Amino acid sequence: VSAFMARHIVGAKVAAAAGKCGVPFDQHAVDIDFLGVPVCRAGLTVPMDEEDMLRRFEAPEIDITVSLGMGEASTRVWTCDLTHDYVTINGDYRT
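Residues numbered from 1 in each chain as written. Predicted model: local features only at pLDDT ≥ 70, side-chain atom pairs only at ≥ 80, totals over all residues. Heavy atoms only, no water.

Let us now look at the overall build of the chain. A tally of helices and strands in the chain yields four helices and four strands. Sequence-ordered secondary structure for the chain, helices as α and strands as β, is α-α-β-β-β-α-β-α. In the chain, which comprises 95 residues, the share counted as buried stands at 19%. In the chain, the proportion of contacts linking residues at least 24 apart, taken out of those at least 6 apart, comes to 54%. By element, 55% of the accessible surface of the chain is carried by carbon and sulfur atoms, the whole surface being about 7,300 Å². (Helix = DSSP H or I, 4+ residues; strand = E, 2+ residues; numbered from the N terminus. Buried < 20%, exposed > 50% of the residue type's maximum accessible area, 1.4 Å probe, protein only. Contact = heavy atoms within 4.5 Å. Areas by Shrake-Rupley, 256 points an atom, 1.4 Å probe, with all protein chains shown as cover.)

So this is what it looks like as structure tokens:
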């Protein structure tokens, strides 16, 4: 989440997180898209228009698609706002 809030566009961080999921897969089969834009194909970073991507990162939702190249199964994961401001606001009060 911190990489996205900093608008740091690095597919390798997502690939590294996938690598820690506990499921063996071939890293050379991994494809990753941010907001429909390819950032990794066959395990390798692909060129992209960084200015275009930074504009896209202004969207209220950021879709990340990861294909492990292992079949047709899929899942959807939702996460939430874990920005610095969110943590500060929710850490500043007591119940």
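Back to the text.
In space, the four strands of this open sheet follow the order S3-S2-S1-S4, with antiparallel pairing throughout. On the outer flanks of this sheet lie strand S3 (44–45) and strand S4 (64–67), each paired with one strand and no other. The pairing of strand S1 (residues 31–34) with S4 spans four bridges and is antiparallel. Note on S4: the bridge partner recorded for Phe-34 is Ile-64. Contacts from helix H2 (residues 11–19) reach S1, strand S2 (37–41) and S4 within the one sheet, and its direction differs from that of S1 by about 125°. (Pairing = 2+ DSSP bridges. Axes fitted to C-alpha atoms, helices over the stretch in contact; angles between N-to-C directions.)

The subject of this paragraph is H2. Those residues of H2 lying buried are Gly-11, Val-14 and Ala-18. When H2 is viewed along its axis, its buried side chains cluster within an angular range of 60° and face the same direction. (Arc of directions from axis to C-beta.)

Do not read the predicted coordinates in detail wherever pLDDT is low. Here the chain averages 81 in pLDDT, while 85% of its residues score no lower than 70. At the level of individual helices and strands, the chain shows its lowest average pLDDT in helix H1 (residues 2–5), which scores 51, and its highest in S1, which scores 92. (pLDDT = per-residue confidence, 0-100.)

Now for the layout of surface pockets. Reported here for the second largest pocket is a volume of approximately 200 Å³. Within the residue set of the lining of the second largest pocket, elements represented by two or more residues are H2, S2 and S3. The dominant element in the lining of the second largest pocket, judged by the number of residues it contributes, is H2, at four residues. When the residues that make up the lining of the second largest pocket are grouped by side-chain class, the tally is nine nonpolar, five polar and no charged. (1 Å grid on protein atoms, 1.4 Å probe; cavity = no way out; pocket = protein on both sides within 12 Å on 5 of 7 lines; lining within 4 Å. Points joined across faces, edges and corners; volume = space filled by probe spheres on them. Nonpolar A, V, L, I, M, F, W, Y, C, P; charged D, E, K, R; others polar.)

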